[in-house]
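Residue-level structural notes
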Amino acid sequence: MTNLQPPDRQSAPTVLVGVDFGHPNFDSELAELGLLAQTAGLNPVARITCKRKAPDAALFVGSGKADEIKLLATQFGAVEVLFDQSLSPAQQRNLERHLELPVNDRTLLILEIFGQRARSHEGKLQVELARMQYLSTRLVRRWSHLERQSGGIGMRGGPGESQIELDRRMIGDNIKKIKERLLKVKKQRQTQRRQRERRDAFNISLVGYTNAGKSTLFNALVKARAYTADQLFATLDTTTRQLYLGEAGRSVSLSDTVGFIRDLPHGLIDAFQATLQEAVDADLLLHVVDAASPHFLEQIAEVQRVLAEIGAADIPQILVFNKLDAIDAPQQPLQLEDIFDLNGVPTPRVFLSAMSGEGVPALRQQLVRRVSADPSPETGAS
């Protein structure tokens, strides 16, 4: 199956490739991969999908389909090929030789976007760690200077040590240094959290699939100016503000966290542990959902999977079905507040539009009820 469109020479023309192995979350239109590519500055000019029972060990798609991809890339002047699935280092290397073009996968694409978007010192460290961990498995493919070194005076590594061994050691040293620096950042965050706890702060974290509108809702609730855009991963760095709930007579701490996505690289989950710790330590999660997306159920499931992976699955949630204004009239909800079955747990749900403000007051009332029911140290809670 191919889906073609005229190339735009303002950015790198790229062929998108997806392989259907029978998984329920296969994106037959490669829509999300296309958005990721555009977010990274690439220009998808052709899309091609195929079905297989299992990946080809050498070329992932098999030689016949690889020839078809090569022809398609030539026809549309593509300078890169992008796969929706993760490729092994050997598959990536073999495809590049066969296609005579750079070949990248979804994992590297997400890493590139995170690298472009990280703003804080912590965020940059986390992205660099994940990038180094990914690169360490691809040394054979990315390095062309893998000849044997002829050791001697002033040469690192001694007689006969290969360049790849030197590169692997260098990357290993960098990974160790970055982990040490991230450990210091994590300790600083723990200090900040202890200070909030001493102030009797009720901690709320916004979580959800990327581009669900978390930052727009964050701005609507706390009148902040966090960066928002209709794109994937518009916000990477955690932002925390105080939200005053007059009816409850107290303030709460509200944090906007990085968005989740299908097949988020495990290296990024590990590297962003300090950032995602805001969600782990929360008293309440506002799980923001793009209610206008036809894939919202799959996106909810993906967020739940990542929350379980980071140890936040048991934290109480309120489901916030955002983008009410973008839902077609026949699909508009009959009521703006109800209960949603979330993995067998009855969970409050609120429909709203963070952009227009409709439904936001109802969410504030939900928060007031939650915070009012939370015992504080002054009332004898331990």
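Quantities reported herein were computed from a predicted structural model and do not represent experimental measurements.

**Observations concerning the overall build of the protein**
When helices and strands are tallied, the protein shows 12 helices and 12 strands. A burial count over the protein gives 51% of its 382 residues as buried. Pairs at least 24 residues apart make up 69% of the contacts formed inside the protein by residues separated by at least 6 positions. Accessible area for the protein stands at about 18,300 Å²; split by element, carbon and sulfur atoms hold 51% of it.

**Quick look at the environment of Phe60**
In this fold, Phe60 is placed in the loop between β3 (42–51) and α2 (63–75). On the accessibility criterion, Phe60 (4% relative accessible area) is buried. Contact partners of Phe60, with chain neighbours within four places excluded, come to Val19, Phe21, Arg52, Pro55, Phe83, Gln85, Ser86, Leu87 and Gln91.

**A few points about helix α5 (residues 121–135)**
The terminal C-alpha atoms of α5, which comprises 15 residues, lie 21 Å apart, in line with the 21 Å expected from a rise of 1.5 Å per residue. Among the residues of α5, Glu122, Gly123, Leu125, Gln126, Val127, Leu129, Ala130, Met132, Tyr134 and Leu135 are the ones counted as buried.

**Some details on the pairing of strand β8 (residues 250–256)**
Moving residue by residue along a regular strand, the side chains alternate between the two faces of the sheet. Of all seven residues making up β8, six are buried, and the element is well covered by its neighbours. Sheet analysis places strand β7 (residues 239–245) next to β8, joined by seven bridges and oriented antiparallel. Among the inter-strand pairings, Gln242 is bridged to a residue of β8, identified as Ser253. If you look at the hairpin formed by β7 and β8, you'll find four residues sitting between the two strands, and Gly249 has a positive phi there, around 70°.

**Things to note about the sheet that holds β7**
Spatially, β7-β8-β6-β9-β10-β12-β11 is the arrangement adopted by the seven strands of the open sheet, whose pairing is mixed. Only two strands of the sheet have a single partner each, and these edge strands are β7 and β11 (337–342). Each strand of the sheet is rotated relative to its neighbour by a mean of 30°, with strand direction disregarded. Helix-sheet contacts for helix α11 (residues 296–309) involve β6 (202–208), β9 (284–290), β10 (317–322) and β11, and the interaxial angle to β9 is about 150°. In the packing of helix α12 (residues 360–372) onto the sheet, the strands contacted are β6, β7, β8, β9, β10, β11 and β12 (345–351), and the crossing angle to β7 comes to about 85°.

**Focus on the confidence of the model for the protein**
Looking at the protein as a whole, the pLDDT averages 83, with 81% of positions reaching at least 70. Put simply, strand β1 (residues 2–4) is where the protein has its lowest mean pLDDT, 48, and β10 is where it has its highest, 98. Across residues 3–10, confidence stays below pLDDT 50; counting only partners more than four residues off in sequence or on other chains, it has 16 contacts. Low confidence marks residues 377–382, where pLDDT is under 50. Its contacts with residues over four positions away, or in another chain, come to four contacts.

The rules behind each value
Residues numbered from 1 in each chain as written. Predicted model: local features only at pLDDT ≥ 70, side-chain atom pairs only at ≥ 80, totals over all residues. Heavy atoms only, no water. Helix = DSSP H or I, 4+ residues; strand = E, 2+ residues; numbered from the N terminus. Buried < 20%, exposed > 50% of the residue type's maximum accessible area, 1.4 Å probe, protein only. Contact = heavy atoms within 4.5 Å. Areas by Shrake-Rupley, 256 points an atom, 1.4 Å probe, with all protein chains shown as cover. Expected span 1.5 Å × (residues − 1). Pairing = 2+ DSSP bridges. Axes fitted to C-alpha atoms, helices over the stretch in contact; angles between N-to-C directions. pLDDT = per-residue confidence, 0-100.

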